[in-house]
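Coordinate inspection notes
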Amino acid sequence: MAEGEATRSGLRNLSAQFQQGTSMLSQNLQKVDDLMFSVKQLVSGQRNSQKREFSLQTLLDESCAALQSRVRLSNHIMLIDVGYGIVMNSYPGAITQLVLNLFNNAFVHALDGVEQGLISLKASKSDEATVRIIFSDNGQGIDEALLKEILQPMLLKKIGKAGSGLGLHVCQHLVSFVLGGRMLVESKTGLGTTITMYLPLEAPDVSTGTIKVGVPKDVYDDWQLLMQQGVAYDAESPAFDMIRRDMVELRFLMQALRDYLPESEAVLVPVTDYATGLRMLQTAQLSILGTTVWETDAQAIASEVLLSAPVITAEQSLVGIYTLPGNEMALRCRKKEDLRDLRFVCSKDWSVDWTTLQQLGVKHCLDMKNWHEMVLMLAEGEVDAILAPFSMRDDLALQVDGHVFIPVPGIRVALRGSRHFALSPDGYGPQLMEKVMPGILAQVDSGQFAAALLQCGYLNQATSTWEIW
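If you're wondering where the values come from, they're calculated on a predicted model, not measured in any experiment. (Residues numbered from 1 in each chain as written. Predicted model: local features only at pLDDT ≥ 70, side-chain atom pairs only at ≥ 80, totals over all residues. Heavy atoms only, no water.)

**So, the overall build of the protein chain**
Within the protein chain, the regular secondary structure consists of 16 helices and 22 strands. Looking at the protein chain residue by residue over its 469 residues, the buried ones come to 47%. The contacts of the protein chain with a sequence gap of at least 6 include a subset with a gap of at least 24, amounting to 74%. A total accessible area of about 22800 Å² is found for the protein chain, and carbon and sulfur atoms account for 52% of it. (Helix = DSSP H or I, 4+ residues; strand = E, 2+ residues; numbered from the N terminus. Buried < 20%, exposed > 50% of the residue type's maximum accessible area, 1.4 Å probe, protein only. Contact = heavy atoms within 4.5 Å. Areas by Shrake-Rupley, 256 points an atom, 1.4 Å probe, with all protein chains shown as cover.)

Set out below in structure tokens:
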């Protein structure tokens, strides 16, 4: 009996401990939920924030207060030291988002696996017109070789972590694009990271009456050239054979803006790469992207962008495997197994292209963010092939930056996905979705858009009998 009673007593104790642990877990999860709600409230407020005068100390105290719950749930220490009397005439919402992103990045990445971390935020006047904000942690640090990459946007969220995926890249854009300052990142593996930001006390004005159309830098340059030649809006002579798929998309969009919002001003904003544009949409730095995005990429951030109906369907996304004229190993490919020994270059941010290459069995693929860097690597023989739309030349040769590439004959690669225009959910975004997108989609339905893609070579009849992989 005594033994049985001891067993029952032990079970009761275990049950009580389990219930207590479950209760604590529930409370902690509720605290996390409350924290994330506070953060979302602060960030959403940034999007409608106006430039105004405020105390930096008060703003940072309020911003950091939303993080206290997270700090208490961890074993980390947070130190805040803001100079008294610093008054700014700037964008308080952008500074709030900047601080929240920095703290979130430290918790998710820098202090991952660190038993007790120290996060420090200091602010003081650098001179009479500038404030210096220093954010530092004693975390894992960043390898020197990765410092440049860490500032690139990350489309994928860190699995199992409570991160927004925005990272340091958005911080850099907030500092330079919205707040008119500059940001420096110093770090060494195992020695933590220090991020120093210099912000003007008087921020530059960010126009709210302008439709900001984000485009890759090469598209921006080519559009300026078309403008100089006077053919950008020439309806009598579309000359779609002179331009690429992304330029066709931009041309249809810019003409639709003229037709359906004639009183509004639209400006092109060059962005460094595809993923940067998506991140700038998320932070309302752009109204719309001037070139289409893959549906899968937009769905990853579906709650933070607006997405049009398909402009290019999955059945229309057929590209070639391009290589140097003298690369016999690539040109002899006749079955998928032949691709395994080829070296490709692509961007992981182009998720459909990257996934397609993996599905084809490609084992060697270098990740590069910029199209022109990919072209240069192929031209110099550092890789064997790239995926690219077919050209309209009789020999299907592709000319880029003075280099000539040819397709592997007889093979078309299907990129399994549709392409859409992506818009910001704030500012001009909803108005563009309501008034401009229907006009473009009507041209898609009538076949005008497909005719332009056919003329520019994206839809290429010369390869219609080639095998589709």
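Moving on from the model shown.
**What about the side chain of S351?**
Turning to its location among the elements, S351 is positioned in helix α12 (residues 351–359). Apart from the residues within four sequence positions on either side, S351 is in contact with T296 and D297.

**What about the sheet that holds strand β5 (residues 130–137)?**
Pairing is mixed in the open sheet, where 5 strands are placed in the order β2-β4-β5-β7-β6. Unpaired on one side and paired on the other, β2 (77–82) and β6 (182–187) mark the two borders of the sheet. Adjacent strand axes in the sheet meet at a mean angle of 15 degrees, parallel and antiparallel pairs treated alike. One ladder, built from 8 bridges, connects strand β4 (residues 118–127) with β5; its direction is antiparallel. (Pairing = 2+ DSSP bridges. Axes fitted to C-alpha atoms, helices over the stretch in contact; angles between N-to-C directions.)

**Observations concerning the nonpolar core**
Counting 51 residues, the largest nonpolar core has I321, Y322, L339, F344, W371, L387 and V413 as the members making the most contacts within it. Sort the elements by how many residues they give to this core and helix α13 (residues 371–379) lands first, with 5 residues. Once residues lying within four places of it in the same chain are set aside, the contact partners of F344 are I321, L339, L357, V362, H364, C365, L366, V383, A385, I386 and L387. (Core = buried A, V, L, I, M, F, W, Y, C linked by side-chain atoms within 4.5 Å.)

**Structural notes on the confidence of the model for the protein chain**
Averaged over every residue, the pLDDT of the protein chain is 78; the share at 70 or more is 78%. Per-residue pLDDT, averaged within each element of the protein chain, yields its smallest value for helix α1 (residues 2–47) (46) and its largest for strand β14 (residues 343–346) (94). Contacts from residues 21–48, a stretch scored under 50 in pLDDT, to residues over four places away or in other chains number 27 contacts. For the stretch residues 152–166, pLDDT sits under 50, and the model shows 38 contacts to residues farther than four places along the chain or on other chains. (pLDDT = per-residue confidence, 0-100.)

**A word on the environment of F252**
Mapped onto the elements, F252 comes out in helix α8 (residues 245–260). Sequence separation of F252 and A452 is 200 residues, and the distance between their C-alpha atoms is 9.6 Å.

**Topic: the packing of aromatic side chains**
Tallying each qualifying case throughout the model produces 4 aromatic pairs. Taken together, a centroid distance of 5.0 Å and an interplanar angle of 65 degrees make the contact between F252 and F449 edge-to-face. Of this pair, F252 sits in helix α8 while F449 sits in helix α16 (residues 448–456), placing them 197 residues apart in sequence. Each member of the pair F252 and F449 is classed as buried. For the pair F390 and W466, a centre-to-centre distance of 5.6 Å together with 85 degrees between the ring planes defines the contact as edge-to-face. Taken together, the residues F390 in the loop between β16 (386–388) and β17 (398–400) and W466 in the loop between α16 and β22 (467–468) connect sequence positions 76 residues apart. Judged by relative accessible area, which is 4%, F390 ranks as buried. Residue W466 is classed as buried on the basis of its relative accessible area of 19%. By way of ring pairs, the aromatic residues Y322, F390 and W466 are connected into one cluster. (Phe/Tyr/Trp six-rings, centres within 6.5 Å; stacked < 30°, edge-to-face > 60°.)

**Section: the pattern of salt bridges**
Tallying each qualifying case throughout the model produces 6 salt bridges. Across the salt bridge formed by D384 and R343, the nearest N and O atoms sit 3.2 Å from each other. Residue D384 is located in the loop between α13 and β16, and its partner R343 is located in strand β14; the two are separated by 41 residues in the primary sequence. (Salt bridge = Lys/Arg side-chain N within 4 Å of Asp/Glu carboxyl O.)

**Examining unusual backbone geometry**
Phi is positive for L396, close to 65 degrees, though the residue is something other than glycine. Along the chain, L396 falls in the loop between β16 and β17. Positive phi, normally seen in glycine, also occurs at D401, with a value near 50 degrees. With relative accessibility at 46%, the residue D401 sits in the partly exposed group.

**A short note on empty space enclosed by the protein**
If you walk through the whole model with that rule in mind, you get 1 cavity of 30 Å³ or more. In this model, the largest cavity occupies a volume close to 40 Å³. V345, C346, W350, D353, W371, M374, I386 and L387 together form the lining of the largest cavity. Of all the secondary structure elements, the ones that give two or more residues to the lining of the largest cavity are β14, α13 and β16. (1 Å grid on protein atoms, 1.4 Å probe; cavity = no way out; pocket = protein on both sides within 12 Å on 5 of 7 lines; lining within 4 Å. Points joined across faces, edges and corners; volume = space filled by probe spheres on them.)

**A closer look at the packing of α8 against helix α15 (residues 437–446)**
α15 packs onto α8 with a crossing angle of 125 degrees between their chain directions and a minimal axis gap of 9 Å. Considering the angle they form, α8 stands oblique to α15. Like other packed secondary-structure pairs, α8 and α15 cross with a definite hand, here right-handed. Here F252, L253, A256 and Y260 of α8 lie close against α15, whose contacting residues are M437, G439, I440 and Q443. Its residues assigned to classes, the contact of α8 with α15 shows 6 nonpolar, 2 polar and no charged. (Parallel < 35°, antiparallel > 145°, perpendicular 65-115°, else oblique. Left-handed = near helix turned anticlockwise from the far one by under 90°. Nonpolar A, V, L, I, M, F, W, Y, C, P; charged D, E, K, R; others polar.)

**Topic: the environment of S418**
Along the chain, S418 falls in the loop between β19 (411–414) and β20 (419–420). Exposure remark for S418: the relative accessible area of 11% places this residue in the buried category. Distance in space between the C-alpha atoms of S418 and E315 is 8.2 Å, their sequence separation being 103 residues. Non-local contacts of S418, meaning those with residues more than four positions away in its chain, are made with V293, W294, E295, P310, I312, T313 and A314. Within polar-contact distance, the side chain of S418 engages the side chain of H420 at 2.8 Å. (Polar contact = N/O pair within 3.5 Å; in protein donor to acceptor, adjacent residues only side chain to side chain.)

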